[in-house]
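Each chain is listed here by its residues.
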Amino acid sequence: MHGVAIEAVVFHEVGALDAIVDVVGAVSGLQCLGIEAVYASPLNVGGGFARSAHGVIPVPGPATLELLKGVPVYSRGAEKELLTPTGAAILTTCCRSFGEMPTLRVETSGYGAGSHDLDIPNLLGLTIGKAEATVKVSSTDDARGYRQAPALMMEANIDDMNPEFYDYVMTGLLEAGAMDVFLQNIQMKKGRPAVTLCVLMRPEDEEKFRRQIFAETTTLGLRVYPVTKHMLPQQIITVATDLGNAHVKIGRLEGKISNVAPEYDQCRRLAREHQL
C-alpha cells in the first residue's frame, strides 16, 4: 500500500497498546465463550476522512480496504471511521463468511457501545447460539434419534486440470469449513475422461466456496442445489491405551450405539511412535 519495500514501511499505530488489547481481547473472548465458528453481517465502514500518523486519509482507509478484499461492505449513516484496520484484521481472520445470519438457536446476546454520537445506533452486537446442524429439527426425527440439517451441494465438472492439483484443492476446501469434499469420475463431451468436484457445505458458505473453486480450479461453471443432511448423534470420547490416548467417535441410533471408530490420524501417530 505504501509503494515501498516491506522493510522500509514504518508502522506508527499497529503496535499501539489499544491494538494489542483489541486483538488479544477478541481472541481470548472467543476462546472463553467456547465459540467454534464466527459469522458477520456485511460491514458498515463509515465515510468521510480520518486523521492518522500518515496524515488525513479517506474512510475506509487504504489498509482497511486491502484487508477487506472479497468481503461485502457498505457505507451508510455516519461520516466517521466505523471499521479500523485492526477491526478488519480480526473479522477477516475469524469469520467464516459475511452475509445473512446463519440458522441458529439463540442462547444469549450482548452489545458494546462506541463513544461517537451517530445518526445510527453506534453498537456492536454479538449473538451466540447453537448451529442448526447440531439441533434436532422435527418431532419425527427426534423420535427416531436422527439429526437433520439443510445443506448445499456445489459441483464442478473438470476435464482440463492437472490431477496433482486435486489434493491441494480438496485440502483447502476442508480447511475453509466444507462439511465434505469428494471426487467422482465422469466422461464428458468428445469422450474426455473428467472429474466432478463435489463440495457439501452450509448454506451461508455458498459465496465463499464459489469464489474459492473458481480461483483454484480450471472450471468455468458450477451448479448448486439444496440437500438435507441426516446424521446420527455423535460423541467423541478419549480412550486410554497402553500406547497412549486416542479419540474414538461413537454414533448412536435410537439411543443405542451403532458405530464405534477410532480417529485414524491418531492411530497412525501411535503406530509410528511405537513402530507397529
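Keep in mind that this is a model prediction, so the values were computed, not measured. (Residues numbered from 1 in each chain as written. Predicted model: local features only at pLDDT ≥ 70, side-chain atom pairs only at ≥ 80, totals over all residues. Heavy atoms only, no water.)

### Some details on the overall build of the protein chain
Helix and strand content of the protein chain: seven helices and 15 strands. Radius of gyration (C-alpha) of the protein chain: 23 Å, far over the 19 Å computed for a compact globule of 276 residues. Approximately 18,200 Å² of the protein chain is accessible, and the part contributed by carbon and sulfur atoms is 55%. When the 25 basic and 32 acidic side-chain charges of the protein chain are each reduced to a single mean position, those positions are 6 Å apart. (Helix = DSSP H or I, 4+ residues; strand = E, 2+ residues; numbered from the N terminus. Rg over C-alpha atoms; globule rule 2.2 N^0.38 Å. Areas by Shrake-Rupley, 256 points an atom, 1.4 Å probe, with all protein chains shown as cover. Lys, Arg positive; Asp, Glu negative; His and termini not counted. Charge placed at Lys NZ, Arg CZ, Asp CG, Glu CD.)

### Regarding the nonpolar core
Judged by nonpolar contacts, the single largest core of 17 residues is most densely connected at Leu173, Leu197, Val199, Phe209 and Ile213. Mapped by element, the contributors of at least two residues to this core are strand S9 (147–158), helix H5 (165–175), strand S11 (193–201) and helix H6 (206–216). Look past the residues within four positions of Phe209 in its chain and what remains in contact with it is Met154, Leu173, Ala176, Gly177, Ala178 and Met201. (Core = buried A, V, L, I, M, F, W, Y, C linked by side-chain atoms within 4.5 Å. Buried < 20%, exposed > 50% of the residue type's maximum accessible area, 1.4 Å probe, protein only. Contact = heavy atoms within 4.5 Å.)

### As for the packing of helix H1 (residues 17–32) against helix H3 (residues 85–94)
At their nearest, the axes of H1 and H3 sit 10 Å apart, and the two run at 25 degrees to each other. Comparing the axis directions of H1 and H3 gives the class roughly parallel. Handedness of the crossing formed by H1 with H3: right-handed. Residues Ala19, Asp22, Val23, Ala26 and Leu30 of H1 form the contact with H3, whose own contacting residues are Thr86, Ile90 and Cys94. Counted by class, the contact of H1 with H3 contains six nonpolar, one polar and one charged residues. (Axes fitted to C-alpha atoms, helices over the stretch in contact; angles between N-to-C directions. Parallel < 35°, antiparallel > 145°, perpendicular 65-115°, else oblique. Left-handed = near helix turned anticlockwise from the far one by under 90°. Nonpolar A, V, L, I, M, F, W, Y, C, P; charged D, E, K, R; others polar.)

### Examining the side chain of Glu155
With respect to the helices and strands, Glu155 occurs in strand S9. Since its relative accessible area comes to 11%, Glu155 is described here as buried. Within the structure, Glu155 has its side chain in polar contact with the side chain of Arg223 (distance 2.8 Å). In this structure, Glu155 is in contact with Thr196, Leu197, Cys198, Gly221, Leu222, Arg223 and Tyr225, ignoring residues within four places of it in sequence. (Polar contact = N/O pair within 3.5 Å; in protein donor to acceptor, adjacent residues only side chain to side chain.)

### Let's talk about H5
Those residues of H5 that sit buried are Tyr166, Val169, Gly172 and Leu173. For H5, the buried positions fall inside an angular range of 135 degrees around the axis, keeping them on one side. Opposite the buried face of H5, by more than 90 degrees, sit the exposed residues Asp167, Tyr168 and Glu175. At the exit of H5 stands Gly177, carrying a positive phi of roughly 110 degrees. (Arc of directions from axis to C-beta.)

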